[in-house]
Amino acid sequence: MTARLDPQIFDPTRWEGILADVARRHQVPGIVAGVLHVDPTSDTEQRFVAAAGVSNLRTGVETDRSTLCQIGSITKLLTSTMIMQLVDEGKLTLSTSVSEILPDLRLADLDPAELTVAHLLTHTSGIDGDLFTDTGRGDDCVEKYIATLSEAKSLFSPGDGFSYCNSGFVIAGRIIEVIDEVTWDQALDIRICQRLGIEHMFTLAEDIISHRHQHGHVVVPGTRAWAPAPVSQITRSMGPAGLVTCSADDLLSFGAAILRSGQTSTGVPILSEASASLMAEPQHTLIDQAASTAPQWGLGWMLDEWEGQKLQWHGGTTIGNNAWFQVLPEAGLVFVVFCNGGVAPHAAPEVYGAFARTFAGIDAPPAHHPRSIPDTFTIPEVHLGEYADASTTLTVMKTEDGIYQARIGSSLGEGNDNPPQTMNLYPSESDTFVLGRPDGLSAWSPLAFADVGGREVAYVGIRCLPRAEIAMPVNGTSAKSAAQQVTEAGV
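Predicted model only: the values in this text are computed from it and were never measured. (Residues numbered from 1 in each chain as written. Predicted model: local features only at pLDDT ≥ 70, side-chain atom pairs only at ≥ 80, totals over all residues. Heavy atoms only, no water.)

(A) Structural detail: the pattern of salt bridges. For the structure shown, the criterion picks out 21 salt bridges. The residue Glu-143 makes a salt bridge to Arg-174 at a minimum N-O spacing of 3.7 Å. Note that Glu-143 is positioned in helix α5 (residues 141-148) and Arg-174 in helix α6 (residues 166-180), a separation of 31 residues in sequence. Residues Arg-191 and Asp-180 are paired through a salt bridge, measuring 2.6 Å at the closest nitrogen-oxygen approach. In this pair, Arg-191 sits in helix α7 (residues 184-196) while Asp-180 sits in helix α6, placing the two residues eleven residues apart along the sequence. Residues participating in the shared-partner salt-bridge network are Asp-43, Glu-45, Arg-47, Arg-65, Asp-249 and Arg-260. (Salt bridge = Lys/Arg side-chain N within 4 Å of Asp/Glu carboxyl O. Helix = DSSP H or I, 4+ residues; strand = E, 2+ residues; numbered from the N terminus.)

This is how it looks when you write it as structure tokens:
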């Protein structure tokens, strides 16, 4: 269906009450959300941004349209766009070897000459890449981060599989730095912000602090209460993978350029039409266990369908913040939802689901939920045991009572000392994956088993964990739950 254009549905006041109700029921301190429509015939643009709640429970500052929000891994779309701009300019191709641009790059067990730019943008590099190494706040932090990857191992050979890889996008960011001879942050301003004519897309805390901004909130240990997160941002070295903070309007403006095949309303090119189209074409089909996030991946984009309408989107999670950015090109619609804590995986689908029904006349698909456990439910014994990558450990086990469980630990840096989380496993609507969640504050997370490049692996959401031949201790903590890993699709 085409989007309805009744101006009344763009009235933010009618949405503020809806957002307030959703925030209250799901314990979200503050929500900022908006919709943009570009009529494909007249190019007329309509938008609204609504807000509810507070930006910080400690200060009580209310959210409003101008409130800046952390977009987390939606940043990867900006980095992907800048790479495609370089393609448009003839400075590289998707098949360019990474080592051709970064000859000093070293990886533990992979020749960088085998890596292409396309591998980085499609999460098919095989780099064991959830490495959040802090290399300081200097302008050389990305360069220094790349040097630390000499110890990064591989999950599979490039192109043989899929595993969500933050480090791959930092490598992509370094490629931009080398070619443009500026920092990634400066390239973002020159290549994205200035072309879009936007002014509130920031990476540094000192730029953000002078604006109203959402602070993330996390659960107080041992309670169901939420409090401001102890840290406001991820490390600057991870910038190309997930550092951007911006307003909903700025992100909607980026979406408008996507709807216009890479151009702004005034005709300023962000991308060539060919590159904008190519980014939204499937480059990799995910195996079924990752379908709760997206069945296919483009160049930076996650790709799906809602009732037959193509959807390109990305999500993002930082420290206590969640964001969703969705584009329905056939309907000419862009949706943005930001939550700064609470049970965001439950709250956001209610918001963008209401947007889809109201503006496009379609329903967003429901989240996965387990079905009742039949007497025949089993997980083959061959799949029980230990799995691990550089940051996550997984133990799949069967208790003496015959209950299947998964214990997941995650360490994203020093200073994490919480115990790993254990969750019961249940059958899903699909025979290819099971579901679990550690508590009622988390979304259901898919867990599945596969063979990738001849190696037995377990998938926790969109992250590939190879089997550990020797039982490995759970290092670090549950810095993020398996459910968070699924819903964030990002940092």
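Continuing now.
(B) The pairing of strand β19 (residues 445-452), seen in detail. Counting buried positions over the eight residues of β19 gives six, a clear majority of the element. Pairing of strand β18 (residues 434-436) with β19 involves three bridges; the strand directions are antiparallel. Paired with Val-434 across the two strands is Leu-447, which belongs to β19. Two strands pair when backbone bridges link them, and β19 and strand β20 (residues 455-460) are joined in this way by six bridges, in the antiparallel orientation. In the sheet register, Phe-449 faces β20, and the bridge partner there is Ala-458. Where β19 folds back on β20, the antiparallel hairpin that results is connected by two residues, among which Gly-453 adopts a positive phi of roughly 60°. (Buried < 20%, exposed > 50% of the residue type's maximum accessible area, 1.4 Å probe, protein only. Pairing = 2+ DSSP bridges.)

(C) Spotlight on the sheet that holds strand β17 (residues 421-427). Pairing is antiparallel in the open sheet, where eight strands are placed in the order β14-β15-β16-β17-β18-β19-β20-β21. Each edge of the sheet is formed by a strand with only one pairing partner; in this case those strands are β14 (385-388) and β21 (463-466). Across the sheet, the axes of successive neighbouring strands diverge by a mean angle of 30°, strand direction being ignored. (Axes fitted to C-alpha atoms, helices over the stretch in contact; angles between N-to-C directions.)

(D) Structural detail: the side chain of Arg-260. In this fold, Arg-260 is placed in the loop between α10 (248-259) and α11 (273-279). The exposure class assigned to Arg-260 is buried, which follows from its relative accessible area of 14%. Here Asp-43 takes part through its side chain, which lies 2.8 Å from a polar atom of the side chain of Arg-260. Those residues in contact with Arg-260, other than ones at most four positions away along the chain, are Val-38, Asp-43, Glu-45 and Ser-265. (Polar contact = N/O pair within 3.5 Å; in protein donor to acceptor, adjacent residues only side chain to side chain. Contact = heavy atoms within 4.5 Å.)

(E) Broad picture of the sheet that holds strand β12 (residues 322-328). Strand order in the open sheet made by the eight strands is β2-β1-β13-β12-β11-β10-β9-β8, with antiparallel pairing throughout. The open sheet has two edge strands, β2 (45-53) and β8 (284-285), and neither has a second partner. Inspection of the sheet shows strand β9 (residues 296-297) paired to strand β10 (residues 302-306) by two bridges, in the antiparallel sense. Directly across from Trp-297, in β10, lies its bridge partner Met-302. Sheet strands in contact with α10 are β1 (30-38), β2, β11 (309-317), β12 and β13 (333-339), and its direction is about 155° off that of β13.

(F) Looking closely at the packing of aromatic side chains. By the definition in use, this model includes 17 aromatic pairs. Taking NZ or CZ as reference, Lys-76 lies 5.9 Å from the ring centre of Phe-169, over its face. (Phe/Tyr/Trp six-rings, centres within 6.5 Å; stacked < 30°, edge-to-face > 60°. Lys NZ or Arg CZ within 6 Å of the ring centre and 35° of its normal.)

(G) Seen up close, the environment of Ser-372. Secondary-structure assignment places Ser-372 in the loop between α12 (344-360) and β14. Residue classification places Ser-372 among the exposed positions, given a relative accessible area of 64%. Sequence separation between Ser-372 and Ile-74 is 298 residues, and the spatial gap between their C-alpha atoms is 35 Å.

Function-wise, these values are silent; they only describe arrangement.
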